[in-house]
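This is what each chain is made of:
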Amino acid sequence: MSKAGAFDLASGLGGKIEKDDVLSAVDKYEKYHASFGGVEEDRKANYTDMVNKYYDLVTSFYEYGWGESFHFAPRWNGESLRESIKRHEHFLALQLGLKPGQKVLDVGCGIGGPLREIARFSSTSVMGINNNEYQITRGKVLNRVAGVERTCDFTKADFMKMPFPENNFDAVYAIEATCHAPDAVGCYKEIFRVLKPGQSFAAYEWCMTDAFDPNNPEHQKIKAEIEIGDGLPDIRSTKQCLAALKEAGFEVIWEVDLAKDSPLPWYLPLDTSHFSLSSFRLTAAGRFLTKNMVKALEYVGLAPKGSQRVQSFLEKAAEGLVAGGKKEIFTPLYFFLARKPQ
């Protein structure tokens, strides 16, 4: 799990957006969200544009802070963030019962950190689907570096309209990705279509918990911060996800919020009261240094104008995630395992 350096951060800011157009892209992205007057209906109607702008703008920040796997994980005492992320990915592979030689689909695969780890762990071939050109380009570079080009690949496409035939994959998984879908039922139906009968789909979903009160202004503020900082049209409840799975035709084998029994809180890496040398870039001190580095890079022209604003809404997202975790109104660790009937 490599981490990008300062030069990678500067050169990657904006993704496939022309550097002179980054500032206007930030403007357009922000206007989709509630704190800038946007509404949920527009975010859902324009989800492709919104999510693509988001990942063009933030991917280099993610890789700089998290490495190749952009997700949270339950964590044991004495376990590093990197170790917990790997174990979280292995857990998914084990729950799916992956066997050597099987063909697996990663829905919303990012730059491919989890698919490379799962392919090596399970001796399977993993195809990642992603609609962001910059992330796929970056993922292919990392595949070559890891030497997994023969077993890991990418398809650029919208996971709401996948270009795969029916009954094509032995297993499907999604890690904190289908939360970007404007319609959970439609998304899960597409996954159901491409999965072979009798095989399984497993996922980690971002959800509001039963403790979330839609009439509580503080809860709504936290939800809005997470949405703008993470490119989400809306955040569904765990009950909505479960109902959508069943409506799509899946048999739910089991489901659980893994955040509830995590010895260390999932949001610990983002909590400003926590300090860790192994994940220093995510700490308050590390984020302060990143903020000032981005400011300097933008000032001298190495980073495009608008980069500081991207860093700013990511910081807001971190605050919202920590607040949502502490109040137990939000979880990124809602796990389910579902099967397509024979």
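Structural notes, computed from the coordinates.

Conventions and cut-offs
Residues numbered from 1 in each chain as written. Predicted model: local features only at pLDDT ≥ 70, side-chain atom pairs only at ≥ 80, totals over all residues. Heavy atoms only, no water. 1 Å grid on protein atoms, 1.4 Å probe; cavity = no way out; pocket = protein on both sides within 12 Å on 5 of 7 lines; lining within 4 Å. Points joined across faces, edges and corners; volume = space filled by probe spheres on them. Helix = DSSP H or I, 4+ residues; strand = E, 2+ residues; numbered from the N terminus. Nonpolar A, V, L, I, M, F, W, Y, C, P; charged D, E, K, R; others polar. Salt bridge = Lys/Arg side-chain N within 4 Å of Asp/Glu carboxyl O. Buried < 20%, exposed > 50% of the residue type's maximum accessible area, 1.4 Å probe, protein only. Phe/Tyr/Trp six-rings, centres within 6.5 Å; stacked < 30°, edge-to-face > 60°. Lys NZ or Arg CZ within 6 Å of the ring centre and 35° of its normal.

### As for the layout of surface pockets
To find leftover empty space, one rolls a probe the size of a water molecule over the atoms.
At step 1: Approximately 400 Å³ is the volume attributed to the largest pocket.
At step 2: Around the largest pocket, the lining is made up of 20 residues, and of these Thr209, Asp257, Ala259, Lys260 and Glu328 lie nearest the centre.
At step 3: Mapped by element, the contributors of at least two residues to the lining of the largest pocket are α10 (238-248), β6 (251-257) and β7 (330-339).
At step 4: Looking at side-chain class alone, the lining of the largest pocket contains nine nonpolar, five polar and six charged residues.

### So, the pattern of salt bridges
At step 1: Taken as a whole and judged by the stated rule, the model has 20 salt bridges.
At step 2: As a salt-bridge pair, Lys44 and Glu40 come within 2.8 Å of each other at their nearest N and O atoms. Placement of both Lys44 and Glu40 in helix α3 (residues 40-45) is noted, with a separation of four residues, approximately one turn of the helix.
At step 3: Residue Lys44 is classed as partly exposed on the basis of its relative accessible area of 28%.
At step 4: The partner of Lys326 in a salt bridge is Asp271, with the nearest N and O atoms 3.4 Å apart. Of this pair, Lys326 sits in helix α12 (residues 307-326) while Asp271 sits in the loop between β6 and α11 (284-300), and the two are 55 residues apart along the sequence.
At step 5: Note on Asp271: relative accessible area 8%, which makes it buried.
At step 6: Several salt bridges share partner residues, and in doing so they unite Arg43, Lys223, Glu227 and Asp234 into one network.

### Details of the packing of aromatic side chains
At step 1: Going through the model one piece at a time under the given rule, you end up with 22 aromatic pairs.
At step 2: Judged by centre distance (5.4 Å) and plane angle (90°), the ring pair of Trp266 and Tyr267 falls under edge-to-face. Both residues of the pair, Trp266 and Tyr267, belong to the buried class.
At step 3: What links up through ring pairs into an aromatic cluster is the set Tyr29, Tyr54, Tyr55, Tyr62, Phe70 and Phe313.
At step 4: Over the ring of Phe169 we find Lys103; its NZ or CZ atom is 5.6 Å from the centre of that ring.

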